[in-house]
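# Coordinate inspection notes
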Amino acid sequence: MKHFMFFDLDGTLTDSAEGILNCVKHALDLQNWPYPSAEDLRRFIGPPLIYSFQHIAGMNENQARQAVHDYRERYSVDGLFENRVFEGIPKLLDDLKQAGKHCYMVTSKPEEYSIRIADRFGLTPYLEQICGATLDGKMDKKEQIVQMALERAGNPDPSDVEMIGDRLHDVVGSRKYGIDCTYVLYGFGTREEAEEYQAAHIVDTVDDLRELLLHL
């Protein structure tokens, strides 16, 4: 049985699309930058912002850094609460806690924002740690956050840990430390991506996720 559950935030615990996309558009507007396609805009959900403004919007590094600044100005006030918890997540976390599992939030979103989101939406009581990125950009890759979470958890054996996420970054970032990843399809990824990056498990719904994790 696995005892440590590392949950991604955006697209796994909450549907944060509205707030993220509103803030991306706000940042692009301030530089009179054209919007990517609707499909490409949704790719902003998950990866570090500096990467997305460069590789999805096509900005250079200086433009991207300004865009991140402008994004966060709006996000820190309005965007982080343009959000909702996926139906069934509080019960899932409570059931896992009652079963003796240790639940952690492990996200590339800044830790400061992640704590506020968890508090606002009632997730904090179920989580032993909230592990997120730093605002200065020195720690924002998923693999860095996974490493930090492992350290805070007391460095459990990777075989005793399961990552749960909805994008390739969750699969790749956890695999670096020998951790299996369950890929959820109710978030912002696709079955094709999950299969391409060889997620250990793929589930369609929160109910499916609950049944899987309780028996891992």
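Our subject is the structure listed above.
The model shown is predicted, which means the values in this text are computed figures rather than measured ones.

With respect to the element layout, Glu162 can be found in strand β6 (residues 161-165). At a separation of 3.3 Å, a polar atom in the side chain of Glu162 contacts the side chain of His201. The contact partners of Glu162, leaving out residues within four places of it in the chain, are Lys2, Phe4, Met5, Phe6, Ile179, Asp180, Cys181, Thr182, His201, Leu213 and Leu216.

Another point: the sheet that holds strand β5 (residues 129-133). In space, the six strands of this open sheet follow the order β5-β4-β1-β6-β7-β8, with parallel pairing throughout. The sheet terminates laterally at β5 and β8 (201-203), the two strands that pair on one side only. Strand after strand, the sheet turns through a mean of 20° between neighbouring axes, direction not considered. Across the face of the sheet, helix α5 (residues 89-98) comes into contact with β1 (4-7) and β4 (102-110) while running at roughly 160° to β1.

On to the pattern of salt bridges. Per the counting criterion, the structure on display carries 16 salt bridges. Among the salt bridges present, the one from Arg84 reaches Asp15, with a minimum N-O distance of 3.5 Å. Within this pair, whereas Arg84 is found in strand β3 (residues 84-85), its partner Asp15 is found in strand β2 (residues 14-15), the two being separated by 69 residues in sequence. When its relative accessible area of 43% is taken as the criterion, Arg84 is described as partly exposed. Of the charged contacts in the structure, one is a salt bridge between Asp95 and Lys91, with a shortest N-O distance of 3.1 Å. Here Asp95 pairs with Lys91, and both are found in helix α5, just four residues apart, close to one helical turn. Look at Asp95 and you get buried, because its relative accessible area is 15%.

Here is a general trend for soluble globular proteins: nonpolar side chains tend to be buried in one another's company. Core analysis: the largest hydrophobic core is formed by 49 residues, its most contacted members being Phe7, Phe53, Tyr71, Ile89, Leu209 and Leu213. Among the secondary structure elements, those contributing two or more residues to this core are β1, α1 (17-30), α3 (49-55), α4 (61-75), α5, β4, α6 (111-120) and α10 (206-214). In terms of residue count, α1 provides more of this core than any other element does, seven residues in total. Listed in part, the 21 residues of the second largest apolar core include Val106, Cys181, Tyr183 and Leu185.

In this section: the pairing of β6. By the criterion of burial, β6 is predominantly enclosed, with five of the five residues buried. Judged by which residues are buried, β6 turns out to be covered on both faces: Val161, Met163 and Gly165 on one side and Glu162 and Ile164 on the other are all buried. The pairing of β1 with β6 spans four bridges and is classified as parallel. In the sheet register, Met5 faces β6, and the bridge partner there is Glu162.

If you check the backbone angles, Asn32 has positive phi at about 50° while not being a glycine. Within the secondary structure layout, Asn32 lies in the loop between α1 and α2 (38-42).

For α5, every residue scored as buried is listed here: Ile89, Leu92, Leu93, Asp95 and Leu96. Along α5, the residues classed as buried sweep out an arc of 160° about the axis, all on the same side. Buried residues along α5 sit against β1, β3, β4 and α10. One or two steps after α5, the chain reaches Gly100, where phi turns positive at roughly 90°.

For the rest of this paragraph, the subject is the packing of helix α7 (residues 142-152) against helix α8 (residues 168-175). Running from amino to carboxyl end, α7 crosses α8 at an angle of 55°, the nearest separation of the two axes being 8 Å. Relative to α8, the element α7 is oriented oblique. Classified by chirality, the crossing of α8 by α7 is right-handed. When α7 is examined against α8, the residues Lys142, Glu143 and Val146 are found in contact with a partner set consisting of His169, Asp170, Gly173 and Ser174. Residue composition of the contact of α7 with α8, by class: one nonpolar, three polar and three charged.

Counting buried residues along strand β7 (residues 180-184), four of its five residues qualify, which places the element largely inside the surrounding structure. Relative to β7, β6 is paired through four bridges, and the arrangement is parallel. By the bridge assignment, Ile164 is partnered in β7 with Thr182. Read as a crossover between parallel neighbours, the route from β6 over α8 to β7 is right-handed. Relative to β8, β7 is paired through three bridges, and the arrangement is parallel. Note on β8: the bridge partner recorded for Tyr183 is Ile202. Running through helix α9 (residues 191-196), the crossover from β7 to the neighbouring parallel element β8 is right-handed.

Criteria and cut-off values
- Residues numbered from 1 in each chain as written.
- Predicted model: local features only at pLDDT ≥ 70, side-chain atom pairs only at ≥ 80, totals over all residues.
- Heavy atoms only, no water.
- Helix = DSSP H or I, 4+ residues; strand = E, 2+ residues; numbered from the N terminus.
- Polar contact = N/O pair within 3.5 Å; in protein donor to acceptor, adjacent residues only side chain to side chain.
- Contact = heavy atoms within 4.5 Å.
- Pairing = 2+ DSSP bridges.
- Axes fitted to C-alpha atoms, helices over the stretch in contact; angles between N-to-C directions.
- Salt bridge = Lys/Arg side-chain N within 4 Å of Asp/Glu carboxyl O.
- Buried < 20%, exposed > 50% of the residue type's maximum accessible area, 1.4 Å probe, protein only.
- Core = buried A, V, L, I, M, F, W, Y, C linked by side-chain atoms within 4.5 Å.
- Arc of directions from axis to C-beta.
- Parallel < 35°, antiparallel > 145°, perpendicular 65-115°, else oblique.
- Left-handed = near helix turned anticlockwise from the far one by under 90°.
- Nonpolar A, V, L, I, M, F, W, Y, C, P; charged D, E, K, R; others polar.
- Right-handed = clockwise from strand over helix to strand, strands pointing away.

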